[in-house]
Amino acid sequence: MLKNSNSQFSTTINPKSFGLNTERENVLQHTLRNKNGFELTVMNYGATITALKIPTKNNEIVDVVLGFDTLEEYKKSFQMEGAPYFGAVIGRYAGRINNGTFNLNGKQIQLNKNHGKHSLHGGINSFSNVFWKVILVKNNENPSIQLEYTSAENEENFPGELSIKVTYTLSEENELIINYWASTTKDTIVNLTHHSYFNLEGHKGCVLNQELEIFSNKMLEINSENIPTGNYLPVDQTHFDFSSPKKCPESIDNSFIIEKENALAASLLNSKNGLKMNVYTNQPSVHIYVGGNCSKQIKGKNNTDYHATSGICFETQNFPDAPNHAHFPNSILKKGEKYHQKTIFKFENI
């Protein structure tokens, strides 16, 4: 089992206890707590958030993210068709890249394909299913944890060696703050995001009775394979107009354009227990996805059967397939430049 410590310090687990054939990586879980009783647990496999426990106004504790109880189950989930990527960092490139190809500096790059004929969320061996190194844990006010990973040149056929750091901070204002930094030895493409499935009712519930609001007037048009066509659609001409709060849809897998930097991108409200989450980002879009279905192949935390409406993702990021659309926001990170992405999930009891 992935057990948490009773303090703010890490628990080290021998991976052999999971029956895994590893290179003796230490499986680390760190639990951060703020003064208001919020608890965030992060595992170094995939830089994954495994739990986010929030006290409600009714003095209940709600774990608002989906996940698994063991490392073996996290690993096994990447072998499923439609892997859920529960709580993980996504990269090198979040979202789909059409045919797994793009041109950079006059050269065509062919990535590994892991989603039919396309590349999705960084390919077969992505940032979500590797071990990261924990380099800093701060346990005082605004506790935080920083992890790093170096992606070798040509990993999944991406150019350049990419060095990445991600910091999770649990602020005393009840914010989960995620900062990402990256640099490269050669020009490459980068698009990082986070993939927690949120459910303000708790990870055993359903999101359909929670209210979603998206602060966007436009979304990306997509084809039948969820690849952007390059066109923008006014949301009021689609089935996905959440410019005012509405119940979460049963099915959504779409990117919404955020036109202001460091803006409020979306919010989620569970009126039953009064929990609300606001999502802020410096990224040009938020990709929203309702899902979590494990088809009873793997049990979720506490022996839970996750289903098609168990959770909702807010993937703040650049546009999917941006390298293949000149008018999309730039996704190229040049040698000598720095990449920075910041997203805030702010919680309140109303």
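Residues numbered from 1 in each chain as written. Predicted model: local features only at pLDDT ≥ 70, side-chain atom pairs only at ≥ 80, totals over all residues. Heavy atoms only, no water.

Draft legend 1. Seen up close, the nonpolar core. Grouped together as the largest cluster of nonpolar side chains are 58 residues, with contacts concentrated most on V64, W132, Y168, I288, F314 and F347. Here this core takes five residues from strand β13 (residues 162–170), the largest share from any one element. I288 has contacts with L212, I214, I252, D253, N254, F256, A266, I312, C313 and F314, leaving out every residue within four places of it along the chain. Judged by nonpolar contacts, the second largest core, of 15 residues, contains F68, L71, M80 and Y306. (Core = buried A, V, L, I, M, F, W, Y, C linked by side-chain atoms within 4.5 Å. Buried < 20%, exposed > 50% of the residue type's maximum accessible area, 1.4 Å probe, protein only. Helix = DSSP H or I, 4+ residues; strand = E, 2+ residues; numbered from the N terminus. Contact = heavy atoms within 4.5 Å.)

Draft legend 2. Region of the structure containing the pattern of salt bridges. The tally for this structure, following the rule as stated, stands at eight salt bridges. Note that D187 is salt-bridged to K334, the shortest N-O span being 3.7 Å. One end of the pair, D187, is in the loop between β14 (175–184) and β15 (188–189); the other, K334, is in the loop between β26 (332–333) and β27 (339–349), with 147 residues separating them in the sequence. (Salt bridge = Lys/Arg side-chain N within 4 Å of Asp/Glu carboxyl O.)

Draft legend 3. Local environment of the pairing of strand β21 (residues 253–257). By the criterion of burial, β21 is predominantly enclosed, with five of the five residues buried. Taking every second residue as pointing to the same face, both faces of β21 are buried, with D253, S255 and I257 on one and N254 and F256 on the other.

Draft legend 4. Examining the side chain of T70 more closely. With respect to the element layout, T70 can be found in the loop between β5 (61–63) and α1 (71–77). Only 3.1 Å separates the side chain of T70 from the side chain of E73, close enough to count as a polar contact. (Polar contact = N/O pair within 3.5 Å; in protein donor to acceptor, adjacent residues only side chain to side chain.)

Draft legend 5. Spotlight on the side chain of S144. The residue S144 is located in strand β12 (residues 144–151) in this model. A residue is classified by how much of its surface remains accessible, and S144, at 10% relative accessible area, is buried. S144 has contacts with L32, L136, V137, K138, T167, Y168 and T169, leaving out every residue within four places of it along the chain.

Draft legend 6. Just the confidence of the model for the protein, in detail. Summarising the model, the protein shows a mean pLDDT of 93, and 93% of its residues fall at 70 or more. Within the model, the stretch residues 3–24 combines pLDDT values under 50 with 45 contacts to residues more than four positions away or in other chains. (pLDDT = per-residue confidence, 0-100.)

Draft legend 7. Molecular detail of the environment of E60. Along the chain, E60 falls in the loop between β4 (48–55) and β5. Overall, E60 belongs to the partly exposed group, its relative accessible area being 44%. In sequence terms E60 and G37 are 23 residues apart; their C-alpha atoms lie 11 Å from each other. With residues up to four places along the chain from it excluded, the contact list for E60 reads I54 and P55.

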